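Notes for the structure review
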Amino acid sequence: MGTLSVDWVASKKLAAKRAVELGKPWVLDPVGCGATPVRTAACLDMLACRPTVVRGNASEVMALQAAAVAAAGGGGGGGPGPAGRVRGVDSTAASTDAVEAARLLARQYGCVVAVSGAVDYVTDGSRLVAVRNGEELLTSVTAAGCSLTALIAAFVAAAPGQALLATAHAFAVFGLAAQEGLRLAPRPGPGSLRVGLLDCLHLMDQATVAGGALVEELTPGS
Ligand SMILES: Nc1ncnc2c1ncn2[C@@H]1O[C@H](COP(=O)(O)OP(=O)(O)OP(=O)(O)O)[C@@H](O)[C@H]1O
Ligand SMILES: Cc1ncsc1CCO
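Small disclaimer: the values here were computed from a predicted structure and weren't measured.

On a plain count of helices and strands, the chain comes out with 8 helices and 6 strands. Along the chain, from the amino end to the carboxyl end, the secondary structure elements read α-β-α-β-α-α-β-β-β-α-α-α-α-β. On C-alpha atoms alone, the chain measures out to a radius of gyration of 17 Å, which is about the 17 Å that the 2.2 N^0.38 rule sets for 222 residues. Taking the principal axes of the C-alpha coordinates as reference, the chain spans close to 50 × 35 × 35 Å. By the burial criterion, 45% of the 222 residues in the chain qualify as buried. Sequence-distant contacts in the chain: of pairs separated by 6 or more residues, those separated by 24 or more amount to 66%. Each charge class in the chain was averaged separately, 17 positive and 17 negative side chains, and the resulting centres sit 6 Å apart.

In structure tokens, the structure reads:
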């Protein structure tokens, strides 16, 4: 979502609508959804433009889902509840708490919804995939989540028919790059992590992904 100036919001909507017309996937990152009414309304407006994937932290996904239900005239308009309350752009809830909201949102909008956290969850409303390649220090790197969203967009653009698995593997690659970046860092802090993450994303190879990606399908019966 970034900055919500009038021109930016209008531009985002035009870009999303054109992408849909051209059959190109796009990803919504509902930054700070639930933090202010203006941000929530803007996120809902973007959701109506039919993203291929929504990627947020637990609080953002729960707030967006509650707002989507309210907008559709259903109950639940009273906000996301204590677990999903948003403090600025950071999550105050665990990703596990947002799985059901993610599933409902994915069903309502026919998109993939991904929740980042200690375990990352990705769902298309039917299937559910967990990714366990997280690195906790990433939460101290500003805009790590936004960068992850950009990586998801690249993966989904490369495999548009497989948005669920492309999203899950973007999480895995991002986490692996962070872990390796931290291992190679001169000091174990967020500044060094930021640089190490970029280096390791650039140097990522197939063997590292094949050997390290912890992507697990949790769909019942799978
Ligand atoms: N508790 C945690 N333990 C391990 N990894 C985590 C944890 N929380 C988040 N991550 C990882 O951090 C990355 C960013 O996710 P996060 O949920 O912090 O996004 P965000 O809140 O949208 O970030 P930002 O606001 O900085 O853009 C993801 O790759 C996720 O796997
Ligand atoms: C939009 C934006 N600008 C800096 S950080 C950030 C997103 C934090 O999630």
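Close contacts around ligand 2 come from G2, V31, V89, T142, A143 and C146, and that covers them all. When ligand 2 sits alone it has 290 Å² of accessible area, and the protein chains cover 60% of it. Comparing atom positions with the cavity grids shows ligand 2 to sit within the largest pocket. Residue composition of the shell around ligand 2, by class: 4 nonpolar, 2 polar and no charged.

With that settled, the discussion passes to the packing of helix 6 (residues 163-184) against helix 7 (residues 190-203). Following both chains from N to C, one finds helix 6 and helix 7 inclined at 120°, their axes separated by 7 Å at the closest point. By the angle between their axes, helix 6 is oblique relative to helix 7. Considering only the axes of helix 6 and helix 7, their crossing is right-handed. Contacts between helix 6 and helix 7 involve V173, F174, A177, A178, E180, G181, L182 and L184 from the first element and L193, G196, L197, C200 and L201 from the second. Residues of the contact of helix 6 with helix 7, tallied by class, amount to 10 nonpolar, 2 polar and 1 charged.

Turning next to the layout of surface pockets. For the largest pocket, the calculated volume is near 830 Å³. Around the largest pocket, the lining is made up of 31 residues, and of these N57, S116, L138, T139 and G145 lie nearest the centre. The class makeup of the residues in the lining of the largest pocket is 13 nonpolar, 11 polar and 7 charged. What lines the second largest pocket is M1, P25, W26, V27, D29, V31, C146, T149, A150 and A153. Among the elements that line the lining of the second largest pocket, the one with the most residues is helix 5 (residues 144-158), at 4 residues.

Per-residue confidence for the chain gives a mean pLDDT of 94, with 94% of residues at or over 70. Scored by ipTM, the complex comes to 0.95, with pTM at 0.95.

Cut-offs and rules
Residues numbered from 1 in each chain as written. Chains lettered and ligands numbered in written order. Predicted model: local features only at pLDDT ≥ 70, side-chain atom pairs only at ≥ 80, totals over all residues. Heavy atoms only, no water. Helix = DSSP H or I, 4+ residues; strand = E, 2+ residues; numbered from the N terminus. Rg over C-alpha atoms; globule rule 2.2 N^0.38 Å. Buried < 20%, exposed > 50% of the residue type's maximum accessible area, 1.4 Å probe, protein only. Contact = heavy atoms within 4.5 Å. Lys, Arg positive; Asp, Glu negative; His and termini not counted. Charge placed at Lys NZ, Arg CZ, Asp CG, Glu CD. Near = heavy atom within 4 Å. Areas by Shrake-Rupley, 256 points an atom, 1.4 Å probe, with all protein chains shown as cover. 1 Å grid on protein atoms, 1.4 Å probe; cavity = no way out; pocket = protein on both sides within 12 Å on 5 of 7 lines; lining within 4 Å. Sits in = over half its atoms within 2 Å of the grid points. Nonpolar A, V, L, I, M, F, W, Y, C, P; charged D, E, K, R; others polar. Axes fitted to C-alpha atoms, helices over the stretch in contact; angles between N-to-C directions. Parallel < 35°, antiparallel > 145°, perpendicular 65-115°, else oblique. Left-handed = near helix turned anticlockwise from the far one by under 90°. Points joined across faces, edges and corners; volume = space filled by probe spheres on them. pLDDT = per-residue confidence, 0-100.

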